[in-house]
Amino acid sequence: KQWYQRRVRGVRDSISSSVSAPLFGETDTRTKYLQRALAFFTVFIAATTMITACTVGTQHNAGLHVFMSLTLLTLTATTFLLAMWYEEGDLHPKILYILYVQSGALISFSILLHVYFGLDSRR
């Protein structure tokens, strides 16, 4: 009977320690703050680009503006869907680097659209 109780206690301890362990390893608060800052900056620049696409220079190329803003919206939605899945633990940790690259591409595309809309409004 004692052997059985020790065995059950050992199994319980190993299960509770494995459940409380983080899924992808320890993440420090500095990394979390940097990820949140990148997410905020990405959302900010994408939102300002969407507003610019709808307001600046739409009389010349309205169809092109709509197409570019829909492309930006699709890229933003997929980036944040991947980020949400990563935060829930559904994706492998290597996906984090893909998220960084995709956020960089999103920011670059937004800057490119800002430049294009600025040049298009001068016509």
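Analysis parameters
- Residues numbered from 1 in each chain as written.
- Predicted model: local features only at pLDDT ≥ 70, side-chain atom pairs only at ≥ 80, totals over all residues.
- Heavy atoms only, no water.
- Helix = DSSP H or I, 4+ residues; strand = E, 2+ residues; numbered from the N terminus.
- Buried < 20%, exposed > 50% of the residue type's maximum accessible area, 1.4 Å probe, protein only.
- Contact = heavy atoms within 4.5 Å.
- Areas by Shrake-Rupley, 256 points an atom, 1.4 Å probe, with all protein chains shown as cover.
- Phe/Tyr/Trp six-rings, centres within 6.5 Å; stacked < 30°, edge-to-face > 60°.
- Expected span 1.5 Å × (residues − 1).
- Patch = residues over 30% accessible without salt bridge, like charges linked within 9 Å, V, L, I, M, F, W, Y side chains within 5 Å.
- Salt bridge = Lys/Arg side-chain N within 4 Å of Asp/Glu carboxyl O.

**Q** Just give me the short version of the overall build of the protein chain, but keep the residues and values in it.
**A** Scanning the protein chain from N- to C-terminus turns up four helices and zero strands. The proportion of buried residues among the 123 residues of the protein chain is 21%. In the protein chain, the share of contacts with a sequence separation of at least 24, taken over all contacts with a separation of at least 6, comes to 76%. With the model as given, the accessible surface of the protein chain reaches about 8,900 Å², and the carbon-plus-sulfur share is 67%.

**Q** Let's hear about the packing of aromatic side chains: which residues, and what values?
**A** Each aromatic ring pair is specified by the distance between its two centres and by the angle formed by the two planes. Enumeration according to the criterion identifies two aromatic pairs in this entry. On the numbers, 6.5 Å between centres and 70° between planes, the contact of Y97 with Y100 is edge-to-face. Of this pair, Y97 and Y100 both sit in helix α4 (residues 95-121), separated by three residues, roughly a single helical turn.

**Q** Break down helix α3 (residues 62-88) for me, citing the residues and quoting the values.
**A** In a regular helix each residue adds 1.5 Å, so 27 residues correspond to 39 Å; α3 covers 39 Å between its end C-alpha atoms and thus fits that length. For α3, the set of buried residues is H65, M68, S69, L72, T76, T79 and Y86. Immediately downstream of α3, the backbone of G89 shows phi near 90°, a positive value.

**Q** How would you explain a nonpolar patch on the surface if you had to name every residue and give the values?
**A** A cluster of nonpolar residues, F40, F41 and F44, forms a patch on the protein surface that exposes about 360 Å² of accessible area. For F40, the position within the fold is in helix α2 (residues 29-55). Judged by relative accessible area, F40 falls into the exposed class, the value being 59%.

**Q** Describe the side chain of T79, and please don't skip the residues or the numbers.
**A** Here T79 shows up in helix α3. With relative accessibility at 2%, the residue T79 sits in the buried group. Setting aside anything within four residues of it in sequence, one finds T79 in contact with L99, Q102 and S103.

**Q** Hey, could you go over the side chain of T42 for me, with residue numbers and the actual values?
**A** Structurally, the position occupied by T42 is in helix α2. A relative accessible area of 1% means that T42 is categorised as buried.

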